[in-house]
Amino acid sequence: MQHVDIGIVGGGIVGLTLAAALKESSLSVAIIDKHPLSTALGEKPTARVSAINQANIAALQSLDTWQHLQKDRANAYVAMHVWDKDSFGDIHFSCEEMGSDALGVIVENQALINALAQSVESQANVQVFESGIERVLSGPNQNMVMFDNNDALSCRLLIGADGANSFVRQQAGFPITFKDYEHTAIVANIKTALPHENVARQAFTPTGPLALLPMAEPNVCSIVWSQTPDAAAKLAAMSDSDFCNALTAASGSILGTTALETQRSAFPLTMRYAREWAKDGIALVGDAAHTIHPLAGQGANLGMQDALALAELLVQLSNEGSDIGLHKNLRPYERSRKTEAMKMIAAMDGFKLLFDGDDPLKKLIRGVGLAATDKVGAIKQAFVSHAMGL
Ligand SMILES: Cc1cc2nc3c(=O)[nH]c(=O)nc-3n(C[C@H](O)[C@H](O)[C@H](O)COP(=O)(O)OP(=O)(O)OC[C@H]3O[C@@H](n4cnc5c(N)ncnc54)[C@H](O)[C@@H]3O)c2cc1C
């Protein structure tokens, strides 16, 4: 049976970021995923995209991953426009105000995974295993990971980067706190009559936020339309043309009429927060540790920062000859990243509470709050810096 220092279950954005960030270390790494890491992209853009912030773009550049990104599948956005459909609240952010040439990029998830996979596959310290995992047997000094193809691997530290329903988290017995956001996100790509001009837009409606994320083509946006489950079910049942009419209305026709470029997919949204992220021999990163509402586009960004923080600690431990598998050595990672995730979960809860529904007092607070943020430079800068991950 092969032995490696670190076994990462999950070759999504977060697991691959972690492996890429371990490239300079002498640690041996295995990535285990039930799917092939890279998938050739079709001609048309797919609708699963992420808004990746400047902090993570800088990290991807320093990991030499950025150069592998298929450039026509990522688009820099230079401004954001957020408004409340039900009040006078309206706010604009632009990259010039931040002295930057972009606020972030909208990238197809698979394009980012492909770029990361290309980096990782060229690393001498990484092996890739295409298999699901069936069992984890944890001993005092190592974990044995049983694959569903009857193979097995042993590792000192097993990392769960295996997404929201993490098998590693369940095997480790880490308890989670979860809450149904009572929203379903409808995701699709649309063509708009007017060009998006590289502006990311979000309208808050009484039944949930609608994001219009600018893709590389000037008239194509990816939408994330979070709605109460009833409203989402109605939208899902509509014909394409009725859906587009509803979408045009919800967006206040800001980009004119709309037409579907892809099918619609629906994602029920749940907040999950693992109450423990590490113990002897096991740690969690990304969606395995936390899932949040996509209204601020921060889930993958948070997860990538988990991966970078954990990699930094593991390299330091390894360089000083300390045990990478001891819980007490992993505590600094667990403490700092749990705090960041908790802050983001609380912020998303606050936004959702404030923007849900049509209570007149909330409408007033939303209008005044957005207008004030738009006018007061210092608050606005702090807000955008946070969104850019700076
Ligand atoms: C509608 C929507 C919009 C979003 N928009 C944004 C955005 O704009 N910006 C942003 O930052 N975030 C966004 N997010 C969040 C983001 O998509 C996730 O946080 C991110 O993709 C999580 O990455 P991950 O690598 O942790 O997990 P995943 O992407 O779930 O990857 C897990 C990997 O583990 C593998 N795996 C799972 N189980 C096993 C097993 N038993 N054995 C082997 N392999 C296994 C899977 O095959 C997969 O490759 C959005 C989410 C949603 C739902």
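Residues numbered from 1 in each chain as written. Predicted model: local features only at pLDDT ≥ 70, side-chain atom pairs only at ≥ 80, totals over all residues. Heavy atoms only, no water.

Per an unreviewed UniProt entry, the recorded name for the protein is NAD(P)-binding protein, and the organism is Alteromonas genovensis. Reading the Subunit (unreviewed entry) entry of the UniProt record for the protein gives the comment "Component of the Ubi complex metabolon, which regroups five ubiquinone biosynthesis proteins (UbiE, UbiF, UbiG, UbiH and UbiI) and two accessory factors (UbiK and the lipid-binding protein UbiJ)." The annotation that UniProt attaches to the protein under Pathway (unreviewed entry) is "Cofactor biosynthesis; ubiquinone biosynthesis." (UniProt positions renumbered as here; feature names shortened; annotations may be inferred.)

Section: the pattern of salt bridges
A full pass over the atoms with the stated rule returns 8 salt bridges. Across the pair Lys 44 and Glu 261 runs a salt bridge, and its minimum N-O distance is 3.5 Å. On the criterion of sequence distance, the pair formed by Lys 44 in the loop between strand S2 (29–33) and strand S3 (49–53) and Glu 261 in the loop between strand S16 (258–260) and strand S17 (265–274) is long-range, its members being 217 residues apart. For Glu 261, a relative accessible area of 24% translates into the label partly exposed. Arg 264 is the salt-bridge partner of Asp 240, the closest N and O atoms lying 2.7 Å from each other. Separated by 24 residues along the polypeptide, Asp 240 in helix H6 (residues 240–250) and Arg 264 in the loop between S16 and S17 bring together distant segments of the chain. (Salt bridge = Lys/Arg side-chain N within 4 Å of Asp/Glu carboxyl O. Helix = DSSP H or I, 4+ residues; strand = E, 2+ residues; numbered from the N terminus. Buried < 20%, exposed > 50% of the residue type's maximum accessible area, 1.4 Å probe, protein only.)

A word on the packing of helix H1 (residues 13–21) against helix H3 (residues 109–121)
Helix-helix packing is characterised by the crossing angle of the two axes and by the distance between the axes. One way to put it is that H1 packs onto H3 with a least axis distance of 9 Å and a crossing angle of 25°. By the angle class used here, H1 and H3 are roughly parallel. Between H1 and H3 lies a crossing whose hand is left-handed. From H1, Ile 13, Leu 16, Thr 17, Ala 19 and Ala 20 reach across to H3, where they touch Asn 109, Leu 112, Ile 113, Leu 116, Ala 117 and Val 120. (Axes fitted to C-alpha atoms, helices over the stretch in contact; angles between N-to-C directions. Parallel < 35°, antiparallel > 145°, perpendicular 65-115°, else oblique. Left-handed = near helix turned anticlockwise from the far one by under 90°. Contact = heavy atoms within 4.5 Å.)

Details of the site of the ligand
The local shell around the ligand holds 31 residues, among which Asp 33, Ala 51, Asp 287, Ala 300 and Asn 301 are the closest. Between an oxygen atom of the ligand and a main-chain N or O atom of Ala 51, the distance comes to 2.8 Å. Here Asn 301 contributes a backbone N or O atom positioned 2.9 Å from an oxygen atom of the ligand. Burial of the ligand by the protein chains amounts to 84% of its free accessible area of 1000 Å². (Near = heavy atom within 4 Å. Polar contact = N/O pair within 3.5 Å; in protein donor to acceptor, adjacent residues only side chain to side chain. Areas by Shrake-Rupley, 256 points an atom, 1.4 Å probe, with all protein chains shown as cover.)

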